[in-house]
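Structural description and commentary
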Amino acid sequence: MMKKMSIPTSKTSLVLFLCQIISALDVPLDSKLLEELSQPPTITQQSPKDYIVDPRENIVIQCEAKGKPPPSFSWTRNGTHFDIDKDAQVTMKPNSGTLVINIMNGGKAEAYEGVYQCTARNERGAAISNNIVIRPSRSPLWTKEKLEPNHVREGDSLVLHCRPPVGLPPPIIFWMDNAFQRLPQSERVSQGLNGDLYFSNVQPEDTREDYICYARFNHTQTIQQKQPISVKVFSMDSLNDTIAANLSDTDIYGAKPVTERQPVLLTPTGSTSTKVELRGNVLLLECIAAGLPTPVIRWIKEGGELPANRTFFENFKKTLKIIDVSEADSGNYKCIARNTLGSAHHVISVTVKAAPYWITAPRNLVLSPGEDGTLICRANGNPKPSISWLANGVPIAIAPEDPSRKVDGDTIIFSHVQERSSAVYQCNASNEYGYLLSNAFVNVLAEPPRILTPANKLYQVIADSPALLDCAYFGSPKPEIEWFKGVKGSILRGNEYIFHDNGTLEIPVAQKNSAGTYTCVARNELGKIQNEVQLEIKDPTMIIKQPEYKVIQRYGQVSFECIIKHDSTLLPTITWLKDNDELPDDDRFLVGKDNLTIMNVTDKDDGTYTCIVNTTLDSVSASAVLTVVAAPPTPAIIYARPNPPFDLELTGQLERSIDLSWIPGDENNSPITNFVIEYEDALHEPGVWHYQTEVPGTQTTVHLKLSPYVNYSFRVIAVNKIGRSQPSEPSEQYLTKSASPDENPANVQGIGSEPDNLVITWEPLKGFQSNGPGLQYKVSWRQKDVDDEWTSVIVANVSKYIVSGTPTFVPYEIKVQALNDLGYAPEPSEVIGHSGEDLPMVAPGNVQVHVINSTLAKVHWDPVPLKTVRGHLQGYKVYYWKVQSLSRRSRRHVEQKILTFRGNKTFGMLPGLEPYSSYKLNVRVVNGKGEGPASPDKVFRTPEGVPSSPSFLKITNPTLDSLTLEWGSPTHPNGVLTSYTLKFQPINNTHELGPLVEIRIPANESSLILKNLNYSTRYKFYFNAQTSVGSGSQITEEAVTIMDEAGILRPAVGAGKAMASRQVDIATQGWFIGLMCAVALLILILLIVCFIRRNKGGKYPVKEKEDAHADPEIQPMKEDDGTFGEYSDAEDHKPLKKGSRTPSDRTVKKEDSDDSLVDYGEGVNGQFNEDGSFIGQYSGKKEKEPAEGNESSEAPSPVNAMNSFV
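Residues numbered from 1 in each chain as written. Predicted model: local features only at pLDDT ≥ 70, side-chain atom pairs only at ≥ 80, totals over all residues. Heavy atoms only, no water.

Glancing now at the overall build of the protein chain. When helices and strands are counted, the protein chain shows 7 helices and 88 strands. The burial tally for the protein chain puts 43% of its 1206 residues in the buried class. A separation threshold of at least 6 residues defines the contact pool for the protein chain, and within that pool the share at least 24 residues apart is 66%. Accessible surface computed for the protein chain: about 63,100 Å², of which carbon and sulfur atoms make up 50%. (Helix = DSSP H or I, 4+ residues; strand = E, 2+ residues; numbered from the N terminus. Buried < 20%, exposed > 50% of the residue type's maximum accessible area, 1.4 Å probe, protein only. Contact = heavy atoms within 4.5 Å. Areas by Shrake-Rupley, 256 points an atom, 1.4 Å probe, with all protein chains shown as cover.)

Here you go:
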């Protein structure tokens, strides 16, 4: 019985492809057959429906078609025939319908705008193209317009309109500045879909005059530019200033400050709008809002969710983008603009319409005369498209009638077709949004059978493999196919054959007797044809000697064999691979006829080598691994662990010994070094294996010593350099007889847990050590060094026994002996233990303390008698604590400190003591139970030490020539303070230090006023305290004397460091020199007058005259900005004196300490030399002594004052 099934694609892809076409009675792709069969035209290439062309280039309107005979082409333009022969600018390509309109040689693209349609026609029918709308691209210029500047208040919204010229296609809009840089956009500023630039709220930084809208026309590669737009943003402050400048004092003016506003939608306007989009397009919805703060946009779909994976947010979420929309995306979309003051929303009702799209497009139909068929044209859209049919480009209603054709809506039914029924039918599906046009031909062919498979084609297959014999055919009507074996053989039938619909004969398992000639016969009502093919069965290729696993020493030679057996008519090729890749390009690899040899092997040759044998029909392969090892004297390569021993046998059974023998397993190329023997005691520890012994690897028997009362099983493990084998199977069990114990418990101890007991402990014997049933222990004890008898007790198999009523901490002799039902173990050895400890009874005596220095002391004590320790002496503990600080006379609770001294030590050091303090201590003895009583408290004192640094140093009240220092006493005086030491020195503008001055201050002072300092000079101070022992650590600080009597030199705003550069040396100014000369002249006149008066004997009130004629002032310093002004007699200036420049808050920068310096004593009777050194002496006087002759002879100048400032 025949079977019909499809041919596997992997085996006959070409036959399958051809026969699938033939089975549908489509035109086959056989080139010879195509030359003979007639076929209606088919459009293969055409221009797009909406064809926008570059007006500067030639217009090419494509139309390509195929058919037999080759089709001819014609065109219509705007529905009428387009005679290309009458237009010299239009040509048609040879053997093609493509039009070329020559624009570059004088033609105008605008003249050729219109709707074009191509028709391809032969004797079998006519196919038509889509309506191709030709439109030249346009990129018009911007219309001239006068743009008024935009004046807008800060915080208001703003829209800059682009309004680009209408181009074809529409231009791409973007905003840039004069430097051709894109304007930055954000949630506040962004471009809308219409190209306008929207400001949710303007800010002062939005002010600029070059907001430029650009339109880029891609087809013509041109960019058009709008006139720049100017935006001026008025802030509230500037607006108020403007209003104030234009109103009188009595007018009420003032713009409101920037106020926050809730969102208002700039686009779209209103509360609702509608949007229509076509199926498959991209839906873009936009919402841009004004408001302050800038609103945030959120999108939702009412009654549904936004489609996942197709929804995107653009333009800072102001644009909702949904790609590939469908009717399901219709609905109401709400955008919500929200800020901190409220929200606004807009609902966009989206309707998704659809241009026509195919459900079932009509397909070409190849029929035989008298057959039936249908053309189906089904399309969908929104609204539902209308279906219309054309025949050869003519509406079917006015086309020539065909009795075999019946139109039923979207279907044309053909019945009993004839050859004259061949035609090309067009289906047009259209609605208001577009149309679809599809050509499908009906080709009625009457052809006798043709066999496309070459005659006498030879098929070769390997025995026991499937054989596929092709019989590609064509005919109309479809022929019947029969197969015969031999020229006059009978028709093939039966389960051993499979007949495929495409004519192929399959022999599932081809044998040697399957070889021969096979005949394929194709027949229909128009004729019959046959074709013969040959089948040869070949012997399979085999590798009869495969490459083997090899281990080779480095620098050796190795060879892999690959000996094959194959069919004598097939030519095999042998290929060698290494690790599934080509062999290295190396002369060391020699490929022979049936082997691979590697010379001078190296480590990189390690890997898998594969021999692949290929013939034209089959392929076989075999692999082997090469392992490269070190050359001698490296030991032989170890491949694997040994196999476990087997066949264990017990012989020579005795009470305390037995012989065990075994047979070793395979050592796997690594010699067995030793055997490990393990045993299991099934009586006491079943399932637990213990180490027994081990023997050399050359030995296969062992004599084992046994313990009584053990049920033995043995197993053996072999060991080589790789590792241990799996254990062997257990031997038979052997139970030894019982006996008295051979050993006693180990680790016997006697330690008391209470003062009146003795706890005796030991490690009990393991199960196999008991040597028999009824294991017990005899515990014996007696007091050491006392003529006393042993006290014994027999206890069960436990590990502890407690002896009560013992004296406290006395030594005992102890022994523990094992016994069982068969007797006692040997006499045990004795151990010494002690009964329980108690707390020590007495305290250490004669406690002495030797103070070494202010922070370290040494304590001594006498040891307590050992009998009073009443336990193991562990050491002594010294408790000590500070009672009070002798410098403060204040008591406070201080935690005790404890030092432990191990063993029988009778002294120790006490570190970390505080100087000038009173301490107490006591000593206690320690044993295993605890501490004994404390010795009487011993009081000792530490001597004075150096103090810590003063707690703070502050410098206040800077004047022209003085500074006030305040300080705090040291936190840790460590003794009686005797004095303070103050050292200071000036610092110039290069940070160099001047001479150092030192002052000693009584300890009871806390402030000091330093006088007669240089003005506008920085000083560095070093301050510390002293005790009788010495000086403590110092604290440092810096300060600057001021420049004028106002005290603070305030820099002008924005002056900064540049202020110093505006100050000049007035001593070099002409006006100053003149002033000084006038003063000198006046003094000279006064002296002359005084001299004359004195000579006359009269009295002249010089003091009053001097008061009345004070010296003119030098150039003053302005108080408001800290700069030097011009000299003027009309102004009342303050005298310029020595001062310092300090920060405006009168603070001094801290350096090494946070402390401050305070005033000290009643005053300072001292001044500074010209070099800044201090020459006065400390004095307790409250009033300042007159200081004469100590002033600098050089007139002070602002420049010098500034140079001294650091």
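Now that the structure has been shown, we can carry on.
On to the sheet that holds strand E51 (residues 573–578). Read across the sheet, 5 strands follow the order E48-E56-E55-E51-E52 without closing on themselves; strand pairing throughout is mixed. Whereas interior strands pair on both sides, the edge strands pair on one side only; in this sheet they are strand E48 (550–553) and strand E52 (581–582). Here E51 pairs with strand E55 (residues 607–614) via 6 bridges, running antiparallel. Across the sheet, Ile-574 pairs through a bridge with Val-613, a residue of E55. (Pairing = 2+ DSSP bridges.)

With that settled, the discussion passes to the nonpolar core. Ranked by internal contacts, the top residues of the largest apolar core, which has 31 residues, are Ile-59, Ile-61, Trp-75, Ile-101, Tyr-116 and Ile-134. Elements represented by at least two residues in this core include exactly strand E2 (50–53), strand E3 (59–61), strand E5 (72–77), strand E8 (99–101), strand E9 (114–122) and strand E11 (132–136). Sequence-distant contacts of Ile-61, defined by excluding residues within four places in its chain, comprise Ser-47, Tyr-51, Trp-75, Gly-97, Thr-98, Leu-99, Ile-101, Tyr-116, Ile-132 and Ile-134. (Core = buried A, V, L, I, M, F, W, Y, C linked by side-chain atoms within 4.5 Å.)

Considering all chains together, one arrives at 6 disulfides under this definition. Disulfide partner of Cys-471: Cys-520, at an S-S distance of 1.8 Å. Because the torsion about its S-S bond is -65°, the bridge between Cys-471 and Cys-520 counts as left-handed. Highlighted residues: Cys-471 in the loop between strand E40 (467–469) and strand E41 (473–476) and Cys-520 in strand E45 (residues 516–524), separated in sequence by 49 residues. Considered together, Cys-471 and Cys-520 belong to a single accessibility category, that of buried residues. The disulfide that involves Cys-562 links it to Cys-611, with 1.8 Å between the sulfurs. As the torsion about the S-S bond is roughly -65°, the Cys-562-Cys-611 disulfide counts as left-handed. Of this pair, Cys-562 sits in the loop between strand E49 (558–561) and strand E50 (563–565) while Cys-611 is found in strand E55, placing the two residues 49 residues apart along the sequence. Classification of Cys-611 by relative accessible area gives buried; the value is 0%. (Disulfide = S-S within 2.5 Å.)

Here E49 runs beside strand E54 (residues 595–598); their pairing, made up of 4 bridges, is antiparallel. Residue pairing in the sheet places Glu-561 in a bridge with Asn-595 of E54. Strand direction decides the pairing type here: strand E53 (residues 589–591) and E54, joined by 3 bridges, are antiparallel. Bridging across to E54, Leu-590 finds its partner in Thr-597. What sits between the antiparallel neighbours E53 and E54 is a turn of 3 residues.

A separate point is the sheet that holds strand E63 (residues 734–735). Within the open sheet, the 4 strands sit side by side as E60-E59-E62-E63. Their pairing is antiparallel. A strand with exactly one partner marks an edge of an open sheet, and here the two such strands are strand E60 (685–696) and E63. With 8 bridges connecting them, strand E59 (residues 674–681) and E60 associate as antiparallel partners. Residue pairing in the sheet places Glu-680 in a bridge with Trp-689 of E60.

Attention now goes to the packing of aromatic side chains. A complete count under the given rule lists 20 aromatic pairs for this structure. An angle of 15° between the planes, with centres 5.5 Å apart, marks the rings of Tyr-919 and Phe-940 as stacked. Highlighted residues: Tyr-919 in strand E78 (residues 917–927) and Phe-940 in strand E79 (residues 938–941), separated in sequence by 21 residues. We note that Tyr-919, like Phe-940, is buried. Aromatic ring contacts, followed pair by pair, group Phe-174, Phe-180 and Tyr-214 into a single cluster. Over the ring of Phe-313 we find Lys-317; its NZ or CZ atom is 6.0 Å from the centre of that ring. (Phe/Tyr/Trp six-rings, centres within 6.5 Å; stacked < 30°, edge-to-face > 60°. Lys NZ or Arg CZ within 6 Å of the ring centre and 35° of its normal.)

Once that is clear, we can look at a nonpolar patch on the surface. There is a patch of nonpolar side chains on the surface, built from Leu-1081, Leu-1084, Ile-1085, Ile-1088, Val-1089, Phe-1091 and Ile-1092 and spanning about 630 Å² of accessible area. By the secondary structure assignment, Leu-1081 is in helix H5 (residues 1070–1096). (Patch = residues over 30% accessible without salt bridge, like charges linked within 9 Å, V, L, I, M, F, W, Y side chains within 5 Å. Salt bridge = Lys/Arg side-chain N within 4 Å of Asp/Glu carboxyl O.)

Interpretation of this model should avoid reading the predicted coordinates in detail wherever pLDDT is low. Taken over all residues, the pLDDT of the protein chain has a mean of 83, while the share at 70 or more is 83%. Scored below 50 in pLDDT, residues 247–255 makes 11 contacts in the model with residues more than four places away or belonging to other chains. Throughout residues 1045–1064 the model reports pLDDT below 50, and contacts reaching past four residues in sequence, or to other chains, amount to 37 contacts. (pLDDT = per-residue confidence, 0-100.)

When you line up the elements, Ser-731 lands in the loop between strand E62 (711–719) and E63. On the accessibility criterion, Ser-731 (9% relative accessible area) is buried.

Covered by surrounding structure in strand E73 (residues 856–862) are Ala-857, Val-859 and Trp-861 only, the residues Leu-856, Lys-858, His-860 and Asp-862 on the alternate face being uncovered. When strand E72 (residues 845–853) meets E73, the two strands line up antiparallel, connected through 6 bridges. Bridge assignment links Val-849 to a residue of E73, and that residue is Val-859. From the end of E72 to the start of E73, which pair antiparallel, there are 2 residues. Here E73 runs beside strand E77 (residues 907–910); their pairing, made up of 4 bridges, is antiparallel. Each bridged residue has a counterpart across the sheet, and for Val-859 the counterpart in E77 is Gly-908.

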